[in-house]
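Topology and contacts: notes
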Amino acid sequence: MENFTFYSPTFFVFGKDTESQAGEYVKRFGGTKVLVHFGGKSAKSSGLLDRVEASLQKEGIPYVTLGGVKPNPRSGLVYEGIDLCKKEGVDFILAVGGGSVIDSSKAIAAGVVYDGDFWDFYSGKPIEEALPVGTILTIAATGSEGSPDSVITKEEGMFKRGASGNAIRPKFSILNPALTQTLPPYQTAAGITDIMAHLYERYLTNSKEVEVTDRLIEALLLTMKHEGPRVIADPDNYEARANIMWAGMVAHNNTCGVGRSQDWNSHNIEHELSALYDCAHGAGLAVTMPAVFKYVMNHDVNRFAKVAVRVWGCQMDFDHPEVTALEGINAFQNFLVSLGMPKNFEQLGAKAEDIPKLVDVLCNGDGRTGSISGFVTLNEDDCTKIYEMMV
Ligand code: NZQ
Ligand code: ZN
């Protein structure tokens, strides 16, 4: 296990009706003037936004609202949010929605207290200071409710980049699994895929002797394997939703990633797809991961065979571990397809003729120099082959 530090100070409030306590928690974490940030329509039409506003009013906390965050959130609304917060003297950002709303909120929070362009943080500058952020989560997926990360799409060029810093870890996150019952099945499945991707990205490591985190990851993957089909068959199953929601947080606040190197090549390769085609991030990952895994499998075939046996129930072939490894990757892909996820470019809405453009932005965009690195380093040729495997 490698040396590490781990700081995860978010206060979690989990369970039914907990959104009605939003005002109390904003007050507890020092907010005196709030920006309530939300998405397209779901928070409004479900009545959630009304309940959150009522909770702020009950505590006598003034607020302004800014809706319209799109999935794969854009830089334009972030600039708008920063201006609004400065004009209104906002000192606390309350995100009501999914990962896109939370990430847009984090970007605004960092941008308000920074004199330069907030995009600097998405070009590699660490975030050291930000307004406090609280979240009320409506989809189990990104883990942004407990993570120090934010992903934004820059409209000029349509490319997607991440920023990071403990300053943008939410001060509190309200997690009511019942709020996710209104999700369309496709979004539920995309969320499950993203959670599993966050686990695989950590499982694919070059660090040795990391049994605790290996076993935690395997337990969470097994939980998703159990709960995924249950929630797709019965969207109102509160208990399944509750397990998925907490798994989503644990999968990405780095509990499972400490003391080990991590991969993130699948995420980087996927981000170009959701930036260009505006597909759901989880759906893009469903197409990306099997291709990446097959391409890099021989780098550590025993690691792939281990997850195949421990999670996917494959029989270990000791003479040919690559057979077991491949079986596990196929079982994972079949599982995602059974939830309703796409399995190739066509089903995702991506086009083979765009591959050179995807590879160029991926490997050379925004400061990169011809490759991406993780479990293995992938150059332009490797990335081209991986995208071609998805066609
Ligand atoms: O805008 P509304 O109307 O709310 O619709 C949303 C959106 O269309 C809808 N939705 C959300 N909650 C709902 C609901 N519909 C009905 N009922 C509800 N309860 O679902 C759609 C997707 O929402 P979005 O927030 O985009 O989904 P998700 O949470 O998957 O976030 C995806 C974004 O997060 C980034 C992704 O790249 C993508 O941009 N990521 C962020 C990470 C992080 N900050 O740590 C890590 C991830 O790996 C990921 O990259
Ligand atoms: Zn993700």
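Values in this document were obtained by computation on a predicted structure and should not be read as measured data.

Comments concerning the nonpolar core
Grouped together as the largest cluster of nonpolar side chains are 102 residues, with contacts concentrated most on Leu273 and Tyr387. Here this core spans two domains, since at least three of its residues come from each of domain 1 (11–179) and domain 2 (185–390). Residues within four places of Leu273 in sequence aside, it is in contact with Asp278, Cys279, Gly284, Thr288, Phe345, Leu348, Ala350, Leu358, Tyr387 and Met390. By size, the runner-up hydrophobic cluster in this structure holds 20 residues, among which are Ile136, Phe172, Ile174 and Leu179.

Let's talk about the pattern of salt bridges
Under the counting rule described, the total for this entry stands at 15 salt bridges. With a closest N to O distance of 3.6 Å, Arg215 and Glu218 form a salt bridge. Separated by 3 residues within a single helix, Arg215 and Glu218 lie in helix H7 (residues 211–233), roughly one turn from each other. Since its relative accessible area comes to 3%, Glu218 is described here as buried. Taken together, the salt bridges that share partners define one network made up of Asp214, Arg260, Asp300, Arg303 and Lys306.

Some remarks on the packing of aromatic side chains
Tallied over the full model, the rule gives 21 aromatic pairs. When the centroid spacing of 5.8 Å and the interplanar angle of 40 degrees are considered together, the rings of Tyr25 and Phe172 count as tilted. Within this pair, whereas Tyr25 is found in helix H1 (residues 22–28), its partner Phe172 is found in strand S8 (residues 172–175), the two being separated by 147 residues in sequence. Of the two residues, Tyr25 and Phe172, both sit in the buried class. Residues Trp312 and Phe335 carry aromatic rings whose centres are separated by 5.5 Å and whose planes lie at 55 degrees to one another, so their mutual orientation is tilted. Taken together, the residues span a long stretch of sequence, with Trp312 in the loop between helix H11 (301–310) and helix H12 (321–338) and Phe335 in helix H12 at a distance of 23 residues. Considered together, Trp312 and Phe335 belong to a single accessibility category, that of buried residues. Following the ring pairs from residue to residue traces out a cluster consisting of Tyr200, Phe293, Phe304, Trp312, Phe332, Phe335 and Phe375. Residue placement shows Lys16 over the ring face of Tyr238; its charged tip is 4.4 Å from the ring centre. The residue whose ring lies beneath Arg303 is Tyr203, and the NZ or CZ to ring-centre distance is 4.8 Å.

Calculation rules
Residues numbered from 1 in each chain as written. Chains lettered and ligands numbered in written order. Predicted model: local features only at pLDDT ≥ 70, side-chain atom pairs only at ≥ 80, totals over all residues. Heavy atoms only, no water. Core = buried A, V, L, I, M, F, W, Y, C linked by side-chain atoms within 4.5 Å. Buried < 20%, exposed > 50% of the residue type's maximum accessible area, 1.4 Å probe, protein only. Domains from an automatic or database assignment. Contact = heavy atoms within 4.5 Å. Salt bridge = Lys/Arg side-chain N within 4 Å of Asp/Glu carboxyl O. Helix = DSSP H or I, 4+ residues; strand = E, 2+ residues; numbered from the N terminus. Phe/Tyr/Trp six-rings, centres within 6.5 Å; stacked < 30°, edge-to-face > 60°. Lys NZ or Arg CZ within 6 Å of the ring centre and 35° of its normal.

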